[in-house]
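Summary of structural features
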Amino acid sequence: MWSAFMAGGAAVAFTAVSAVPAGAAEGGVSFSNVKVNGGKPIVIGVKEEVVVHATYRMTTKLRYDPGVVVFPYRGGLESGDQLWHAIDSSDCKVVNRAKGICDFEEWLYIDPRHPDFGNKDAGAWKTAGRVWLAGDRHDIDDVKVPLQIKRATRVTVNASPEPVRKGGTLTVTGKVTRANWDTHTYQGYAGRTVSLQFKAAGAKAYTTVRKVKSNRTGVLRTTLKATRSGTWRWVYYGNTTSGATASTGDYVVVR
């Protein structure tokens, strides 16, 4: 998978979601204070490129070239897969020059439209840090930060009739779908337990009324007795490979 790294105006070509480039790994470098996406899962749709913010500290007294990065990987540290298509990184922000301590900030780009990206990439990943040293050597380390890469989900809502008579039957429907990275479409997500929530007119927060399981095409449907005006929505809380989502609200007047 083609990738590019940008730092200080210079571009260096790398390969991602493939074997790590050859070259002897060296010691003498450590990464710390690594934070990727604020510790939250990285949720990716079917078309939009995702920009993941990361910060970290590197300590070394060795000479190194532009090309300091942290990135998701899985499999072997030297032979496994990497997940990024481009990285835009700051230059060293000196913390302690004598000890070789620098802070970095970076923006990691993941494009779901890339032909090497697919549903197989959802799930658990780890985080590595790498720096290119003089003489075409490099140091690469597992920085012990787990990551979850998730397929985006969507859910719609419709409550009817509108308005509804007090004591009458209100039907709330919707559909939960999930990003298919192989086909670049959203498809019905079957067998998902989704919460139906209600916020009464004048209230500040939603309350879960009941939970409904989606059918084989992702459709949601339930009926209730109409008691008061307010807004209805569906909320799906996600799982290890799928992101959480909430529908917009549908306001219904009860007369």
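Look above for the structure.
Okay, the overall build of the protein chain next. Assigned secondary structure in the protein chain consists of 0 helices and 23 strands. When the 255 residues of the protein chain are sorted by exposure, 47% land in the buried category. Pairs at least 24 residues apart make up 67% of the contacts formed inside the protein chain by residues separated by at least 6 positions.

Moving on, we come to the environment of Gly67. Examined against the element boundaries, Gly67 turns out to sit in the loop between strand E5 (50-60) and strand E6 (69-74). Taking C-alpha positions, Gly67 is 8.4 Å from Ser89, a pair spaced 22 residues apart along the chain.

Across the chain, the bulk of peptide bonds are trans and the bulk of non-glycine residues have phi less than zero. Each neighbour pair has its own omega, and for Ser160 with Pro161 the value is 0 degrees, a cis peptide bond. Here Pro161 is to be found in the loop between strand E15 (158-160) and strand E16 (169-180). Here the phi dihedral of Asn33 falls at roughly 55 degrees; this positive angle occurs in a residue that is not glycine. Checked against the element boundaries, Asn33 lands in strand E3 (residues 29-36).

This part covers the packing of aromatic side chains. In this description, an aromatic ring pair is defined by two values, namely the gap between the centres and the angle between the planes. Under the criterion given, the structure shown has 6 aromatic pairs. Between the aromatic rings of Phe31 and Tyr56, the centroid separation amounts to 6.0 Å while the plane-to-plane angle is 50 degrees, which identifies the pairing as tilted. In this pair, Phe31 sits in strand E3 while Tyr56 sits in strand E5, placing the two residues 25 residues apart along the sequence. Its relative accessible area of 13% is what places Phe31 among the buried residues. With relative accessibility at 2%, the residue Tyr56 sits in the buried group. The interplanar angle of 45 degrees and the centroid separation of 6.4 Å between the aromatic rings of Phe71 and Trp84 together place this pair among those described as tilted. Linking Phe71 in strand E6 with Trp84 in the loop between strand E7 (81-82) and strand E8 (86-89), this pair joins segments that are 13 residues apart in sequence. Trp84 carries the same exposure label as Phe71, and that label is buried. Clustering of aromatic rings is evident, with ring pairs tying together Phe31, Tyr56 and Phe104. Above the plane of the ring of Tyr189 lies Arg192, whose end atom (NZ or CZ) is 4.5 Å from the centre. Taking NZ or CZ as reference, Arg233 lies 3.9 Å from the ring centre of Tyr206, over its face.

About the thresholds
Residues numbered from 1 in each chain as written. Predicted model: local features only at pLDDT ≥ 70, side-chain atom pairs only at ≥ 80, totals over all residues. Heavy atoms only, no water. Helix = DSSP H or I, 4+ residues; strand = E, 2+ residues; numbered from the N terminus. Buried < 20%, exposed > 50% of the residue type's maximum accessible area, 1.4 Å probe, protein only. Contact = heavy atoms within 4.5 Å. Phe/Tyr/Trp six-rings, centres within 6.5 Å; stacked < 30°, edge-to-face > 60°. Lys NZ or Arg CZ within 6 Å of the ring centre and 35° of its normal.

Purely spatial values, then, with no claim about function.
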